Amino acid sequence: MAETAASSSKTFAEKQAERMARLKQLHTQRNEARASNHQEVIAEHERKKLPANWEARTRQAEWLMGDLKARTEAEEKGLDYNRVKMLNVSAAEADRIDKLKAKKRNADPGFSDYEAQTARQYSRLVKAMPARDLVKYEEQKEKYGDAFYGGPNVILQGLHKDTPAAIDNMVKDLEGQIAKRKKFSRRRTHNDDADIDYINEKNARFNKKLERFYGEHTAEIKQNLERGTAI
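The structure reproduced in this document is the subject of the present report.

What counts and how
Residues numbered from 1 in each chain as written. Predicted model: local features only at pLDDT ≥ 70, side-chain atom pairs only at ≥ 80, totals over all residues. Heavy atoms only, no water. Helix = DSSP H or I, 4+ residues; strand = E, 2+ residues; numbered from the N terminus. Buried < 20%, exposed > 50% of the residue type's maximum accessible area, 1.4 Å probe, protein only. Contact = heavy atoms within 4.5 Å. Areas by Shrake-Rupley, 256 points an atom, 1.4 Å probe, with all protein chains shown as cover. 1 Å grid on protein atoms, 1.4 Å probe; cavity = no way out; pocket = protein on both sides within 12 Å on 5 of 7 lines; lining within 4 Å. Points joined across faces, edges and corners; volume = space filled by probe spheres on them. Nonpolar A, V, L, I, M, F, W, Y, C, P; charged D, E, K, R; others polar. Expected span 1.5 Å × (residues − 1). Polar contact = N/O pair within 3.5 Å; in protein donor to acceptor, adjacent residues only side chain to side chain. Salt bridge = Lys/Arg side-chain N within 4 Å of Asp/Glu carboxyl O.

## Regarding the overall build of the protein chain
And step 1. Helix and strand content of the protein chain: nine helices and zero strands.
And step 2. Walking the protein chain from its N terminus toward its C terminus, one meets helices and strands in the order α-α-α-α-α-α-α-α-α.
And step 3. In the protein chain, which comprises 231 residues, the proportion classed as buried is 5%.
And step 4. Taking the intrachain contacts of the protein chain between residues at least 6 apart in sequence as the baseline, contacts between residues at least 24 apart amount to 10%.
And step 5. Only carbon and sulfur atoms are counted for the fraction: they give 56% of the accessible area of the protein chain, which is about 22,400 Å².

This is the structure in structure tokens:
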């Protein structure tokens, strides 16, 4: 009741002054919003002029600067930076980094040439070999003498006998290679007994498509044409 009485007791000039003050405040806020929007438009226009990977390059540069600063501080304190850095890395992040490094080391670019394929197979076979038995190595070296290293005038046949375990490993590897080859698709062989109803390979593929889609609907017509009883 008191506030209503106080508001009603205001003169027209006081009410007009309050309205003008509010209007001026809204006008100021509108101008500030307009200026802010204009600045955002200019900033967005400038960002569009930058390269597509600018943000990624900026983050990388900031990371490199921070890494260099942290490395320098660790060296000044006499600490191993790599060890200090790993203390702040979680186990999941470390596992992810190790997997990425392993993937880069063992990246398979696919078939490029036979020389590269042979090198990859050689690396795979070397990694599959068991660890070297140094005791057995020294025994064989003493047993074979100069023939251990081979040479142009050394006959190696009969000096070494493969163990049953080595033979089993070789057989297992060959069976694995054969099973892997069977998974690859092969070119379909030509059937000499099939009817020749095409003039080239492209026409043969087209005829197969027709047979696949319309063969069941045209089987009777085809039989009548072959018997000579078509109307």
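## A short note on the layout of surface pockets
And step 1. Empty space within the largest pocket amounts to approximately 1,100 Å³.
And step 2. At six residues, the largest contribution of residues to the lining of the largest pocket is made by helix α8 (residues 164–182).
And step 3. The class makeup of the residues in the lining of the largest pocket is 14 nonpolar, five polar and eight charged.

## Notes on helix α9 (residues 201–227)
Since there are 3.6 residues in each turn of an α-helix, residues three or four apart along the chain are aligned in direction.
And step 1. The terminal C-alpha atoms of α9, which comprises 27 residues, lie only 27 Å apart, well short of the 39 Å expected from a rise of 1.5 Å per residue.
And step 2. Turning to α9, its buried residues number three or more, namely Ala204, Gly215 and Asn224.
And step 3. Backbone nitrogen of Lys202 and a side-chain oxygen of the N-cap are separated by 3.4 Å at the start of α9; the cap is Asn200.
And step 4. After α9 finishes, the residue Gly228 shows a positive phi value of roughly 80 degrees.

## Quick notes on the pattern of salt bridges
And step 1. Following the criterion strictly, the structure yields four salt bridges and no others.
And step 2. For Asp67, the salt bridge goes to Arg71, with nearest N and O atoms at 3.9 Å. Taken together, the residues span about one helical turn, with Asp67 and Arg71 both in helix α3 (residues 54–76) at a distance of four residues.
And step 3. For Asp95, the salt bridge goes to Lys99, with nearest N and O atoms at 3.5 Å. Of this pair, Asp95 and Lys99 both sit in helix α5 (residues 91–105), four residues apart, which is roughly one turn of the helix.
And step 4. In this structure Lys99 comes out as exposed when scored by relative accessible area, which is 56%.

Distances and angles like these do not, on their own, reveal function.
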